[in-house]
Every structure is written in C-alpha cells, then in structure tokens.
Amino acid sequence: MPAGGFSAPAPSGVEFEARITPIVIISCIMAATGGLMFGYDVGVSGGVTSMDPFLKKFFPVVHRQAKVSTDTNNYCKYDNQGLQLFTSSLYLAGLTSTFFASYTTRRLGRKLTMLIAGIFFIFGVVLTAGAINLAMLIVGRILLGCGVGFANQAVPLFLSEIAPTRIRGALNILFQLNVTIGILFANLVNYGTAKIKGGWGWRLSLALAGFPAVLLTIGSIMVVDTPNSLIERGRLEEGKAVLKRIRGTDNVEPEFLELIEASRVAKEVKHPFRNLLKRRNRPQLVIAIVMQIFQQFSGINAIMFYAPVLFNTLGFKSDASLYSAVITGAVNVVATVVSIYSVDKVGRRVLLLEAGVQMFFSQIVIAVILGIKVKDHSDNLGHGFAILVVVMVCTYVAAFAWSWGPLGWLVPSETFPLETRSAGQSITVCVNLLFTFVIAQAFLSMLCHLKYGIFLFFSGWVIVMSFFVLFLLPETKNVPIEEMTERVWKRHWFWKRFMEDDNEEAVGAKNGKINGYDNSQL
C-alpha cells in the first residue's frame, strides 16, 4: 500500500491529519501474525485427524471404525467425542484465558498481551509435536488455546486503534487475512506430510506451527503500543510521541485531546464488565455477541475444521480430500483480499448482505447433491458431482471470507467506546470461542445424525443472520471509533432508544475540558 496522506473527520468539524506511514503498515502486519497462528491451528487439526498414523496412535477406535468397519454409516465414520475434543479443547482453553487477557490488555497494554500469546503458542507447539500420549496432546492444545485467547483479545484492538480511520477496516482485516493464510499453509503442509513414510508426518504438521508462533513473538517485541493504550495507562508524553510517529505528522493535537478525553471517561469506569450491562452500552454488546454466534453458526468452522474428514466422508480418496481442502484454503485467502480492498469503499452491510445470498445458495445445492447421491453405506458421489460439491464449498467459503469472517471481528472491535473496549473485546472473544467449541465438539456427531441435513441447518441460520444485518446492524465505515455513539447509535432507528440523551450542560462541559486542555500539564 503506497504511502500517502488524508484527513479523517473529527467530531468538532476539525480534520484529524494522518498519513499511511510505514510504521503503521509494519506494526499491523507484525501484529496480524497472531491471526496466522490462529488460522494454522484451525487448519492443521482437520488434516492431522484424517491421517492414519495419528489415528492409530491416539484414536485407534476411530481408525478401526473409519478404515476397517464396513457396517458403519458413511456419515458416522469419524463420530467420536475424544477426536472432537482434540480439536475443540483449544477453543475451550481460549474461552477461559480471554478473561485474563482482558486484564493484561487493559493494565499492561496490547503489545505485552500479544507477547504473552506468542509464548503460550511456542510451549503449546512443543507439547503437541512431541506428544507421546493423549494427555500430552490435549495439554499442548490447551496451551495453544490460551495463546488464541490472548491473541484474539489484543490483536483486533491493536489494529483498530493504530490504524487511521479511513483505512481502519482494511488494516483490521489483516488479522483475518492471516487467519486464512494460516489455514491454507496448514492444508498445504498436511498435503505434503501425509505422504511421508514412517508415520511421523503428523508431528511435522504440528511442529510447523512454531513458525507463526515465533513470528508473533518477535513481532510483538518490535511493534509500538497504541497511543490509546499508553494514554489509558497515564503515559501521556509517550502516547503523544507514538501518535506523531504513526500519523506521520506533528499536528496531532485534536486527535490527542480526543484520546485524553476518552481515557478520562474510561478511568471513571471502575467495573468495565458491569458497565457493559448499562443501557447505553447494550447495542454494542448485543451486536458483538450476536455477530460471534452467527459467525460460528454460518457453518464455516464445520468446513474449515474438518474439510479433509468431510471430503473423505463424501467419498473422496485421502489425497483428493486434502487437495480439495487446499483449494478451499486458497479461495479463502483470495476472497479475504477482496474484503480488504472493498470494506472501506462499499461498507460492512453490503458485504454481509451479498454474502448471505451466496452462502445460502451454495449450502442448499450441497445439501441437495448429498441427499441424492450419498447414501448411508455408499460413498459413490461420482466425478462430476464431486467437482460440483468442491465448487459449491468454494463459493460458500469465498462469500464467508469477504464478509462474516473478517467483519465478525472488525465490527465489534470498532464499536465499543474506550471505557468498555477491553471488556467488550473480551466478551466478543469469549462468545466466539464458546460457540467455536460447541461447533467443533458437535459437528461430527451432527453430521452423523443430520447427514446432508446439516447444510440445511446452517443455511437456515444464514437467513436469520441476513435479516439481522438488514434491520439491526448500522454502517460503521469511515466513522472515528470514539464517535460511534454520536454518529451511529444515536441515529439508528432502533438502537437510538438505548442512548441516554446528553443535555446541553454535559456537552458543554465535555467540550470545555477538551478545548481548555493545558499542554503544560503533560
């Protein structure tokens, strides 16, 4: 992205001067490697759990059920709670750790929280790659989950706060882009390691997670903390200096004063989680929670976690199933790049609504094909229909990747005010990981019992999601984070009823404190 300058609108009519500086780009790229680690963990588990040596060592019952028994229902070959726990334990640990991450993000800063995430990732990789029993494997996944909890808490906040308003959406989606790259990288690795003779390929797949883990750790040491975080912790001089560096100008006084006022309001909040429940914070909280639930019930993780297993279930050979997973991973990356290009131009709502139509159509087609061609004890899908299934899966993945994937993280991270932002992000991550855990733990059992109807189940949720966006999700593109209340929530046909109207005296007092700020106090 070329360097350049623009002005972002300030609440008082003044323009916040900001340039797209190299330090912003480099910091965002390094921070977004947390998404690379997250994506690799998501993608690697599905491929590893379809490898015979891994199943023989840790899940022999599943291996016999999938490879030996001819009586098992085709949809139920991999239905095993232990196998699902291997995948889902990461997200259960992430759910728990995100509450601790909320504290470190608020008290110690975004930068240090990302460093802690990197350390958790490294230890988790060592344990999973060197596992000699199931307990060691699960403990390693739990440590990786702690890394996910800390990274998903800090990285989206870091990206939203350091980016200039006009490109906040694009830079924030770098996190999701790295998630998709991580998934693709994992699928490519699994495709290669599955061919290694000697039965140790799965160890290499798990060990290579150390690459993004080290990147995140090094990156978190190199980046600067955000001005918001520094000012929030009372380091005003340092916060102003960092603001000048990342904006590429010395004319940062209007934005600096706005951050100071936001910090002042934030410090008055003694119990941020309790404050989230206040009426004026209800719109942000509801939207953050609902978007995480919808993101998971769109069905994407069912495909991404278990793509190789799913394609095996549908009758693809082992190599073909991994190859198909690589294709979907590549589509995921390309479509996320589309989102980066378009999110700050066409807006959040347009992408979400268009994707809803595309996701619904592709899931219905997949359900019809499977209902007709895949029987309980027959996996003869046929070459032509197999290709059509892959095309429809790619159509679905593309739609998700430029909509609910990145925007499920972007919208919550940019709507909470500073005083509840860390707590709000913690709730966002917690709900996301809770329902990610639910889907990961339940998908193979759902596939066994619902069969092709599982895609009808998820398509029904897509309809609900789309109506929610149409009526209840406001547009947030090009709106400064600290001005969401005035310019978004108070103008929305439904959510404005939850906003407490500021009287003229309160507004005047606020403006007086901003305009009368004495720089000698710094």
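Here we summarise the structure given alongside this text. (Residues numbered from 1 in each chain as written. Predicted model: local features only at pLDDT ≥ 70, side-chain atom pairs only at ≥ 80, totals over all residues. Heavy atoms only, no water.)

**Quick notes on the overall build of the protein chain**
And step 1. Looking only at helices and strands, one finds 24 helices and two strands in the protein chain.
And step 2. Buried positions account for 61% of the 522 residues belonging to the protein chain.
And step 3. In the protein chain, of all internal contacts separated by at least 6 residues, the share reaching a separation of at least 24 is 80%.
And step 4. When the accessible surface of the protein chain is split by element, carbon and sulfur atoms take 65% of a total near 19,300 Å². (Helix = DSSP H or I, 4+ residues; strand = E, 2+ residues; numbered from the N terminus. Buried < 20%, exposed > 50% of the residue type's maximum accessible area, 1.4 Å probe, protein only. Contact = heavy atoms within 4.5 Å. Areas by Shrake-Rupley, 256 points an atom, 1.4 Å probe, with all protein chains shown as cover.)

**Re the pattern of salt bridges**
And step 1. Scanning the model with the defined rule gives 11 salt bridges in all.
And step 2. E161 is the partner of R110 in a salt bridge, and the nearest nitrogen-oxygen pair spans 2.7 Å. Separated by 51 residues along the polypeptide, R110 in helix α6 (residues 110–129) and E161 in helix α7 (residues 134–162) bring together distant segments of the chain. You'll find R110 and E161 in the same group, each marked buried.
And step 3. The partner of E253 in a salt bridge is K240, with the nearest N and O atoms 2.8 Å apart. (Salt bridge = Lys/Arg side-chain N within 4 Å of Asp/Glu carboxyl O.)

**Points about the packing of aromatic side chains**
And step 1. Per the counting criterion, the structure on display carries 20 aromatic pairs.
And step 2. A ring pair is formed by F294 and F468, whose centres lie 5.6 Å apart and whose planes are at 75°; its orientation type is edge-to-face. Residue F294 is located in helix α15 (residues 282–297), and its partner F468 is located in helix α22 (residues 453–472); the two are separated by 174 residues in the primary sequence. The two residues F294 and F468 agree in class, both being buried.
And step 3. Ring geometry for F494 versus W495: centroids 4.9 Å apart, planes at 75°, classification edge-to-face.
And step 4. For F494, a relative accessible area of 21% gives the class partly exposed.
And step 5. By relative accessible area, W495 is classed as buried at 3%.
And step 6. Grouping aromatic residues by their ring pairs yields a cluster made of F294, F297, W404, F435, F457, F458, W461 and F468.
And step 7. Directly above the ring of F58 sits K57, whose terminal nitrogen or CZ lies 5.8 Å from the centroid.
And step 8. One cation-aromatic arrangement involves K195 over Y191; the distance from NZ or CZ to the ring centre is 5.0 Å. (Phe/Tyr/Trp six-rings, centres within 6.5 Å; stacked < 30°, edge-to-face > 60°. Lys NZ or Arg CZ within 6 Å of the ring centre and 35° of its normal.)

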